[in-house]
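Spelled out, the chains give:
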Amino acid sequence: MVNPSGGTPAAVDPGRFFEAVTRELGAAAVDTTAEARRRYGENTMPGGERAVLGVLFPGSSADVQIIVRAANRYRVPVYPISAGNNIGLGSRSPVRDGQVVVDLGWRMSRILEVNEELGYAVIEPGVTFQMLHDELVRLGDRLMVSATSGPPLGSVLGNALDKGAGYGPHFDHFGTLCGLEVVLGNGEVIRTGEAALQQGPAGNSHVSRYSFGPVLDGLFAQSNYGIVTRATVWLLPRPPAIESFHFVFQRDADLGAIIDLIRPLKLSGFVPTLFRVCNDLYAAGTEEPSPEYAATKGRTRISDAARAALRERHGLGAWQVSGAFYGASAASMAPMINRVRAHFAQIDGCRFVSHEEARHVPPLAIAIDSMSGRPGSAELGLLRWRPGGGNTWFTPGTSMSGRQALALDRLGRETYDASGMDYIIMHVAGARFARSLHVLVFNRGDPDENRRADECYRELTRRYAELGIGVGRAPIDYHEEHMSRLMPAFRATGQAIKRALDPNGIISPGRYGLL
Amino acid sequence: MDTAAAGAVTEAAAIEARGIAASCNHFGFCTSTCPTYALTHEENESPRGRIALIGAMLESGAAPDPRTVAHIDSCLSCLACTSVCAMKVDYMHLIDHARSHVERHYRRPLADRLLRRFVAQTISRPGLLRAALTLARPARAFRRLLPGRLGPMLELLPRRSPGGADIAPGIHPAVAQRRQRVALLAGCAQRTLAPQINTATVSLLTRLGCEVVIPEGAGCCGSLELHMGRGRGARRSALRNIQAWLAAAQSGLDAILINASGCGTTVKDYHHLFEHDPSWAGEARRISSLALDVSEFLARIGLGATVSRPYRVAYHDACSLRNGQRVTRQPRELLRAAGYEVVDVPEGHFCCGSAGTYNLLNPGKARLLGERKGRHVDSSGAEVLAVGNIGCMSQLSNYTRMPIVHTVELLDWATGGARPPSLAGLPPPAGAGLRASPGEGASAAAGGVGIW
């Protein structure tokens, strides 16, 4: 089990730190009430809540700079969050005890510019998918945000900086950021790309990622070197029509063939979106809680008979595959839909679900919304699959080789079964790689189940690592675990950069395994 | 219901409420959608914080803490939290129960008690409300001199007497052949504040082949008292309606229609209001199963032929319709089918601050929310604002200059009815197709960014 208090230097003088920040930013920017401290330390991890010293609400980059300088002066660790909807990965909670949360979501939530000609928006960390979507709709709905299927009120920047992803052509959210503004751990402000030019107007800073000098942007993806206070995000034109397609497959073992059939569709660029490949529990779990939990008390996984009944109730199969075309009209895309349909018909028992039909199948409608850049909250239903509020996400991946995907699927099922966990998984598949989102939903109120969930995660990590496979994003309980599996020189380099940019180690010590 | 039975109902409700409070897992998705949390960023001004406070209040044997009461009072009951709650916490019934508990166990300051009694007893009685408005209108000029919440309350008064007469109870026969027979809840405040809504509703429904019954005995749905914690009064109002509609149903009823969505949410929930009352539980269930928002019913039967006037219409989701009843698609589809160009109001999940009697009892926060919504309405670039709830219409009239109509007024106009009074003098449509409709794809006219 994680030790949240390990490795964090104790804050030297939090009292004087809060006084200093209150003096400079006003009392409304500081909250040290018991309620706030408790809530900001809550999460869904097996390792439990974290002890938070207080919460700050800056309103600008200058405010953030004041906070960081004060944090250095009084040696108080600060933990920036954006919208705080990082569910399954830590919510708002710091990795370790004894930190001050800097909540950028309240007063730094401005959409500073939307450029419809060039397709970008300049935003602050508190801007959520829903806010950006609403603004784009207000402007005429010509552009669309790359939505996730996660909380609509999650932060666009927070998701991108944690290497989150969507489903459309702009799925690589960090890859669509440009011109970051960052308050470093030493209190300095830098801008990246052409935004770093000292003189002149914005020029190309919103449209060119690679200009003279090192590409520093990457330093701020999954790191604790600075606090990103604004960035440009590129947006996709909304097509006149979006036509999704869906297939339902009956057997767990169909996964290998599914992956092999998706690969050529993505390698050639025939299908512009990624593919959602959800197993039965991932899809049906958004609609109803585990039907067997009350009987098993979570000691064993759901039975095959109950899985079959779930599939029957919701019109689902062992796997659901969804993708979409963007085009001028539904008619113009009909031949492509037919092509894909014939392609997947190679798998015995494959059932096609049309765009119109899928609108009325809630787990499939989630794919339509997210591939159409419409944020939705339907997938949050997964969190009540088991009671007690425990939830972590294990996020390895597979190459787009059916053989490997199937082997990993068997490994995953075995590991979940051994811990009495229900195997809930979605692959988000591209041309060469699929990110495999393994969901663990468990009862934190049951110490035995909580322990088994923790062990399951660690065992998955160990067994995947033996195959040379790591993770993408990680729950805060396991940042140290994942960093410890990287080569020592990698970690040492990360620490050296940390010392250079944040010499007193005041930004999020412990996050991503960097102190 | 006798005293013992009433006690049993209260105890059953308390058990239910404790269960609801315990079902919160503190994920906190609700906080971002909660208008009062967005304004204050104070934990106890969020649904999550209120759930914890209510849980503690119910567990405690003591009188409610004034701070807890203030946070409960400050809740809009907009139910935006329920639209993102992963645990599907039944916040609607929890907050109603909390209000009822406060009403029974907490003694408010005298001025507060008087104000609440005045609001509860006046608004739900059309005659009294009409008299109060007549008396209060001259006082509007002196509103800044009035103490406490009286001044802001006068701000909310309609500037003019509404045009048109209140529609008469009775049977309004279908034009041409009768296809359906429906009951319409004429309501209470709406009859006084905007009688043209009921007139347009009856005009539209009868033209579409519906016989419309407005039973003499039906009136306030009870929501006003329910949301003020006065459960008994609410049940009395609800019972009157149930009895009136059951009598009407003896000649057959295809639906009970409500055109004020705040009332619709309550009528659809009558089954819950009476679930522990064996005398009326079955009848209440029957009434709830027949209840529909007028837009749900119209989407079911279709509009028939329309005259297209392609005004750009911003559609505002009343919280009671969006979150309480989950009716969002039908009003938009109907308006589009009637030839209007429909755009959404940004930040649609946020309450406008009306929330029943909220803008009367909590004018400060209501004003902030009204101003915020008004800015969004104005930014939509629409020519007309359509709303499905009288409360939002009254509130928003203070914060936007855009003409405001009920959705049925526009539908009635498009199908041969009268021009809505608030659109008198509206210039012809500026031009269609300038804005997109938020389906999956963009509208053809919205192009210019990509090529497909």
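Residues numbered from 1 in each chain as written. Chains lettered and ligands numbered in written order. Predicted model: local features only at pLDDT ≥ 70, side-chain atom pairs only at ≥ 80, totals over all residues.

Q: Hey, could you go over the overall build of chain A for me, with residue numbers and the actual values?
A: Helix and strand counts for chain A come out as 16 helices and 19 strands. Counting only C-alpha atoms and orienting by the principal axes, one finds that chain A spans roughly 65 × 55 × 40 Å. Taking the intrachain contacts of chain A between residues at least 6 apart in sequence as the baseline, contacts between residues at least 24 apart amount to 75%. (Helix = DSSP H or I, 4+ residues; strand = E, 2+ residues; numbered from the N terminus. Contact = placed C-beta atoms within 7 Å.)

Q: Can you explain the overall build of chain B? Please cite residues and give values.
A: Counting its regular elements, chain B contains 23 helices and nine strands. A compact globule built from 452 residues would reach a C-alpha radius of gyration of about 22 Å, and chain B, at 22 Å, matches this within 12%. Projecting the C-alpha coordinates of chain B onto the three principal axes gives extents of approximately 60 × 55 × 50 Å. A burial count over chain B gives 52% of its 452 residues as buried. For chain B, long-range pairs separated by at least 24 residues make up 74% of all intrachain contacts whose partners lie at least 6 apart in sequence. (Rg over C-alpha atoms; globule rule 2.2 N^0.38 Å. Buried ≥ 20, exposed ≤ 12 C-beta atoms within 10 Å, placed from the backbone.)

Q: A description of unusual backbone geometry should follow, citing residues and the corresponding values.
A: Here the phi dihedral of Tyr512 of chain A falls at roughly 60°; this positive angle occurs in a residue that is not glycine. Using a count of 21 C-beta atoms within 10 Å as the deciding quantity, one classes Tyr512 of chain A as buried. The backbone of His41 of chain B shows a phi angle near 55°, a positive value even though the residue is not glycine.

Q: Please provide a residue-by-residue account of the interface of chain A and chain B, values included.
A: Counting from both sides, the interface comprises 40 residues of chain A and, opposite them, 33 residues of chain B. Among the elements of the structure, α2 (34-40), α4 (129-138), β12 (241-249) and β14 (319-327) of chain A are those that each provide at least two residues to the side of chain A that touches chain B. Broken down by element, the residue count for the side of chain A that touches chain B peaks at four residues, all from α4 of chain A. Classifying every residue of the side of chain A that touches chain B by side-chain character gives 19 nonpolar, 10 polar and 11 charged. (Nonpolar A, V, L, I, M, F, W, Y, C, P; charged D, E, K, R; others polar.)

Q: Go over the sheet that holds strand β8 (residues 384-387) of chain B with me, naming the residues and quoting the values.
A: Paired through their backbone hydrogen bonds, the strands of a sheet run either parallel or antiparallel. All names here are of chain B. Taken in spatial order, the four strands make up an open sheet running β7-β6-β8-β9, and their pairing is parallel. Edge strands, defined here as strands with exactly one partner in the open sheet, are β7 (341-344) and β9 (404-406). Each neighbouring strand pair of the sheet contributes to a mean axis angle of 35°, computed without reference to strand direction. Judged from the three bridges that link them, β8 and β9 form a sheet pairing that is parallel. By the bridge assignment for β9, Val387 is matched with His406. (Pairing = 2+ DSSP bridges. Axes fitted to C-alpha atoms, helices over the stretch in contact; angles between N-to-C directions.)

Q: Any details on the packing of helix α4 (residues 47-59) of chain B against helix α5 (residues 66-73) of chain B? Residues and values, ideally.
A: Residues and elements named next belong to chain B. The geometry of α4 relative to α5 is characterised by a closest axis approach of 10 Å and an angle of 135° between their N-to-C directions. In terms of orientation, α4 and α5 fall into the oblique class. Note on packing geometry: the crossing formed by α4 with α5 is left-handed. Residues Gly49, Arg50, Leu53, Ile54 and Met57 of α4 lie in contact with α5, whose contacting residues are Thr68, His71 and Ile72. Residues of the contact of α4 with α5, tallied by class, amount to four nonpolar, three polar and one charged. (Parallel < 35°, antiparallel > 145°, perpendicular 65-115°, else oblique. Left-handed = near helix turned anticlockwise from the far one by under 90°.)

Q: Any chance you could break down the packing of helix α6 (residues 255-267) of chain A against helix α13 (residues 402-419) of chain A for me, citing the residues and the numbers?
A: All names here are of chain A. Between α6 and α13, the least distance of the axes is 7 Å, while the angle of their chain directions is 145°. Relative to α13, α6 is oriented so that their crossing is right-handed. Along its contact with α6, which presents Leu255, Gly256, Ala257, Ile259 and Asp260, the element α13 presents Gly402, Arg403, Ala405, Leu406 and Asp409. Taken together, the residues of the contact of α6 with α13 sort by class into five nonpolar, two polar and three charged.

Q: Please give an account of the domain arrangement of chain A that cites residues and values.
A: Residues and elements named next belong to chain A. Under the domain assignment used here, chain A contains domain 1 (14-107 + 500-513), domain 2 (111-237) and domain 3 (241-474). One C-alpha centre belongs to domain 1, the other to domain 3, and the line joining them spans 35 Å. Residue-level contacts link six residues of domain 1 with 10 residues of domain 3. Its residues assigned to classes, the side of domain 1 that touches domain 3 comprises four nonpolar, two polar and no charged. (Domains from an automatic or database assignment.)

Q: Quick one: what's the story with the nonpolar core, residue by residue and with numbers?
A: Ranked by internal contacts, the top residues of the largest apolar core, which has 209 residues, are Ile258 of chain A together with Val182, Ile256, Leu257, Val313 and Leu410 of chain B. With seven residues, helix α13 (residues 231-249) of chain B is the single largest residue contributor to this core. Apart from residues no more than four positions distant in its own chain, Leu257 of chain B is found in contact with Val182, Ala183, Leu184, Leu292, Val294 and Phe297 of chain B. (Core = buried A, V, L, I, M, F, W, Y, C linked by C-beta atoms within 7 Å.)

Q: For the sheet that holds strand β2 (residues 52-56) of chain A, give the residues involved together with the corresponding values.
A: Residue and element names in this part refer to chain A. Within the open sheet, the four strands sit side by side as β1-β2-β4-β3. Their pairing is mixed. The open sheet terminates on both sides in strands that have one partner only, identified here as β1 (30-31) and β3 (78-81). In this structure, β1 lies alongside β2, joined through two bridges in antiparallel fashion. Note that in β2 the partner of Val30 across the bridge is Leu56.

Q: Please provide a residue-by-residue account of helix α14 (residues 261-268) of chain B, values included.
A: Across the eight residues that make up α14 of chain B, a large majority, eight, are buried. Listed as buried for α14 of chain B are Ser261, Gly262, Cys263, Gly264, Thr265, Thr266, Val267 and Lys268 of chain B.

Q: With reference to specific residues and values, describe the pairing of strand β19 (residues 433-442) of chain A.
A: All names here are of chain A. Burial of β19 is extensive: nine of the 10 residues sit out of reach of the surface. Of the strand pairs in this sheet, strand β16 (residues 390-394) and β19 are connected by five bridges, and their pairing is antiparallel. Looking at β19, one finds that Trp393 is bridged to Val439. Of the pairings in the sheet, the one linking strand β17 (residues 397-399) to β19 comprises three bridges and is antiparallel in character. Note on β19: the bridge partner recorded for Thr398 is Ala434.

Q: Tell me about the pairing of β3 of chain A, and name the residues and values.
A: Residues and elements named next belong to chain A. Burial of β3 is two-sided: the residues Val78 and Pro80 facing one way and the residues Tyr79 and Ile81 facing the other way are all buried. The pairing of β3 with strand β4 (residues 99-103) spans four bridges and is classified as parallel. Residue pairing in the sheet places Ile81 in a bridge with Asp103 of β4.

Q: Which residues make up the domain arrangement of chain B, and what values do they have?
A: All names here are of chain B. Here chain B is partitioned into domain 1 (3-105), domain 2 (117-155), domain 3 (170-298) and domain 4 (305-433). In this structure, domain 1 and domain 3 have C-alpha centres spaced 28 Å apart. In this assembly, 10 residues from domain 1 lie in contact with nine residues from domain 3. For the side of domain 1 that touches domain 3, the element with the highest residue contribution is helix α6 (residues 91-105), accounting for six residues.

Q: Run through the environment of Glu347 of chain B, naming residues and quoting values.
A: Mapped onto the secondary structure, Glu347 of chain B falls in the loop between β7 and α20 (358-361). When the 19 C-beta atoms within 10 Å are taken as the criterion, Glu347 of chain B is described as partly exposed. Once the C-alpha coordinates of Glu347 of chain B and Arg336 of chain B are considered, the two residues, 11 residues apart in sequence, prove to be 21 Å apart. Beyond its immediate chain neighbours, meaning those up to four positions away, Glu347 of chain B contacts Asp134 of chain A together with His376 of chain B.

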